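A structural walkthrough
Now for the letters of each chain:
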Amino acid sequence: MLHRIWLGFFLVAAAAGLGQWLLLGDGDVFQRMVRAMFDMASLSVELAIGLIGLLSLWLGVVAIGEASGLVRKLANVMSPLFTRLMPEVPAGHPAISSMTLNFSANVLGLDNAATPLGIRAMQDLQTLNPNPDTASNAQILFLVLNTSSVTLFPVTILLYRAQLGAPDPASVFIPILLATSCSTLTGLLVTAWVQRLRLRDTVILTWMALGFAVLLSLLAWFATLSAEELASQSSLISNLLIVALIMSFLLAAQRRQVNVYETFVEGAKRGFHTAIELIPFLLAMLVAIGMLRASGALEGLLEVLRWLANSGGMDTAWVDAMPTALMKPLSGSGARAMMIETINQHGVDSFQGLLAATMQGSTETTFYVLAVYFGAVGIRHTRHAVACGISADVAGICAAIAISYWFYGV
């Protein structure tokens, strides 16, 4: 799927460039396309090198969290919920531990740790699957909850915002939390409706009530604040939670007599390799997207969306961030490149840049997760997985737009 999208970018860019030259007489379009390729190639390396220190820092903190036992405890807390949501999975089955560890990694924004844990969880669920080539209800629900991006700490987005010069990288924390909550809730409800899950369970209702209580409390509080106070308090809560998490890991690890320094260093060593490995993916997508934008093709699609928005009497500022939303279900690296491109064009703290970051954190890459997780266990028939995943994506993107207008205005 991704290779076709990538090739399609170049083909569409070439066709649009020819159209600009032959129909509009713009002979400079090819010069702009080549310059965009070179500029994006340089930018991909600069971003990856700049991320080395930041990624090393977070991976070192995560290693301490794992050694402290807090990550495992979080998984144990979440276990009772999944035994209710997936009744075909018996209590104590290895899949429960794998799934809760995967979701714990997702909640903490640990993309690199979440993927192998998710594959292991899917493999454990496959041992309970009576039809090995067809996705089971439990596997579909697990995948949909992954694609809805249950993220408490969107670390990757904060890292990119910091690298791109944001004075307060964590200012998007609360908007992302609200948007991803809408995505997750929609994915859960739609899948539960299709699978006829019994949600009237004490444990499930308790977890949902707790989540609603937290979100409603935040919404009620934010409704009393001015725009300036809203931005200030959102930033304060975001940074306070991150500092509190790090201190909790350190103190818990120290109590277990873990050598926190050596543990941090060992974890941080992975940051260098992770950042360097990002270069080919960033390079491929940024170059293709740079050509697409320079050819005028992307702007043509956005003009169609602007026309539709104007026809409905809507503001059109959100359209500039839509490339991130359109790419998100297909490719994480592609959506990330779209976000970076939007930020580079409009500014890291512009409405468009903030909305693109919020969209990036509101959902996960549905088709990528489906291909990786289901492909790892040989599933060919996905049943209702795609439809349920896309419903969560649509809800997350719509929520991101509404919440961004509320928080940031235009």
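Scroll up for the structure.
Residues numbered from 1 in each chain as written. Predicted model: local features only at pLDDT ≥ 70, side-chain atom pairs only at ≥ 80, totals over all residues. Heavy atoms only, no water.

Overview of the overall build of the protein chain
As a reminder, the rule being used: Helix numbers and strand numbers start at the N terminus; a helix is a DSSP run of H or I with at least 4 residues, a strand a run of E with at least 2. The cut-offs for exposure are 20% and 50% of the maximum accessible area for each residue type, with area from a 1.4 Å probe on protein chains only; residues under the lower value are buried, those over the upper are exposed, and the others partly exposed. Contact between two residues is taken to exist if any of their heavy atoms lie within 4.5 Å; hydrogens are not considered.
Helix and strand content of the protein chain: 17 helices and zero strands. Across the 410 residues in the protein chain, those meeting the buried criterion constitute 53%. Within the protein chain, counting contacts between residues at least 6 apart in sequence, those at least 24 apart form 79% of the total.

With respect to the packing of helix 15 (residues 351–362) against helix 17 (residues 385–408)
In plain terms, the rule: Only the stretch in contact is used when a helix axis is fitted, and all axes are lines through C-alpha atoms; the angle between N-to-C directions ranges over 0 to 180 degrees. By definition, any crossing whose near helix is turned counterclockwise from its far helix by less than a right angle is left-handed, and any crossing with a clockwise turn is right-handed. Side-chain classes follow a simple rule in which Ala, Val, Leu, Ile, Met, Phe, Trp, Tyr, Cys and Pro form the nonpolar group, Asp, Glu, Lys and Arg form the charged group, and the remainder, Gly included, forms the polar group.
At a minimum axis separation of 9 Å, helix 15 and helix 17 run at an interaxial angle of 145 degrees. As helix 15 packs across helix 17, the resulting crossing turns out to be right-handed. Between helix 15, through Phe 351, Leu 354, Leu 355, Thr 358, Met 359 and Ser 362, and helix 17, the contact on the second element is made entirely by Gly 396, Ile 397, Ala 400, Ile 401, Ser 404, Tyr 405 and Tyr 408. By residue class, the composition of the contact of helix 15 with helix 17 is nine nonpolar, four polar and no charged.

Some remarks on a nonpolar patch on the surface
The following threshold applies: Only residues whose relative accessible area exceeds 30% and that take part in no salt bridge are eligible for patches, with like-charged residues grouped when within 9 Å of each other and nonpolar side chains (Val, Leu, Ile, Met, Phe, Trp, Tyr) grouped when within 5 Å. Note on areas: Shrake-Rupley, 1.4 Å probe, and residue coverage restricted to the protein chains presented here. Salt bridges, as used here, are contacts in which a Lys or Arg side-chain nitrogen is within 4 Å of a carboxyl oxygen on Asp or Glu.
A contiguous nonpolar surface patch, about 680 Å² in accessible area, is contributed by Leu 18, Trp 21, Leu 22, Leu 23, Leu 24 and Phe 30. No other element matches the five residues that helix 1 (residues 2–24) contributes to the nonpolar patch. Trp 21 sits in the partly exposed class, given a relative accessible area of 44%.

Some points on the side chain of Ser 295
Under the convention used in this document: N or O atoms closer than or at 3.5 Å make up a polar contact, with two conditions inside protein: a donor-capable atom paired with an acceptor-capable one, and, for residues adjacent in sequence, both atoms drawn from side chains.
Looking at the element boundaries, Ser 295 is found in helix 11 (residues 260–295). Assessed through its relative accessible area of 0%, Ser 295 is described here as buried. There is a polar contact of 3.3 Å between the side chain of Ser 295 and the backbone nitrogen of Ala 297. Beyond its immediate chain neighbours, meaning those up to four positions away, Ser 295 contacts Ala 13, Ala 16, Gly 17, Gln 20, Val 29 and Met 33.

Topic: the nonpolar core
The condition that has to hold: Only buried residues count toward a nonpolar core. Its members are Ala, Val, Leu, Ile, Met, Phe, Trp, Tyr and Cys residues joined through side-chain atoms within 4.5 Å.
In this structure, Phe 9, Met 322, Met 339, Ile 340, Leu 355 and Met 359 are the most contacted members of the largest nonpolar core, which totals 68 residues. The element best represented in this core is helix 11, accounting for 10 residues. When neighbours within four sequence positions are excluded, Met 322 is seen to be in contact with Leu 302, Leu 305, Met 359 and Ile 401. The next biggest cluster of nonpolar side chains, apart from the first, holds 35 residues, and it includes Leu 125, Ile 140, Val 377 and Cys 388.

Side note on the packing of aromatic side chains
To be explicit about the condition: Any two rings among Phe, Tyr and Trp, with Trp reduced to its six-membered ring, count as a pair given centres within 6.5 Å; such a pair is stacked if its planes are under 30 degrees apart, edge-to-face if over 60, and tilted if neither.
Under the definition given, this model contains five aromatic pairs. Taking the centre distance of 6.0 Å and the plane angle of 75 degrees together, the rings of Trp 21 and Phe 30 count as edge-to-face. Ring centres of Phe 142 and Tyr 373 lie 6.0 Å apart, and the angle between their planes is 15 degrees; on these two criteria the pair is classed as stacked. In this pair, Phe 142 is assigned in helix 6 (residues 137–147) and Tyr 373 in helix 16 (residues 366–375), connecting sequence segments 231 residues apart. Overall, the relative accessible area of 0% leaves Phe 142 in the buried class.

Re the environment of Ala 357
With respect to the helices and strands, Ala 357 occurs in helix 15. Residue Ala 357 is classed as buried on the basis of its relative accessible area of 0%. Placed 22 residues apart in sequence, Ala 357 and Ala 335 show a C-alpha to C-alpha distance of 9.9 Å. Apart from residues lying up to four places away in sequence, Ala 357 is in contact with Ile 157, Arg 161, Val 172, Ile 176 and Met 339.

Digging into the pattern of salt bridges
Applying the stated criterion across every chain yields a total of eight salt bridges. Notably, a salt bridge pairs Arg 84 with Asp 201, separated by 3.5 Å at the nearest N-O pair. Of this pair, Arg 84 sits in helix 3 (residues 70–85) while Asp 201 sits in the loop between helix 8 (173–195) and helix 9 (202–223), and the two are 117 residues apart along the sequence. Judged by its relative accessible area of 36%, Arg 84 falls in the partly exposed class. Across the pair Arg 306 and Asp 320 runs a salt bridge whose closest N-O atoms are separated by 2.3 Å. Note that Arg 306 is positioned in helix 12 (residues 297–311) and Asp 320 in the loop between helix 12 and helix 13 (322–327), a separation of 14 residues in sequence. Overlapping salt bridges bring together Arg 84, Arg 198 and Asp 201 as one network.

Concerning helix 8
Threshold: For a helix, the expected span equals 1.5 Å multiplied by the number of residues minus one.
A rise of 1.5 Å per residue sets the reference length of helix 8, with its 23 residues, at 33 Å; its end C-alpha atoms lie 32 Å apart and thus fit the reference within 8%. At the exit of helix 8 stands Arg 196, carrying a positive phi of roughly 55 degrees.

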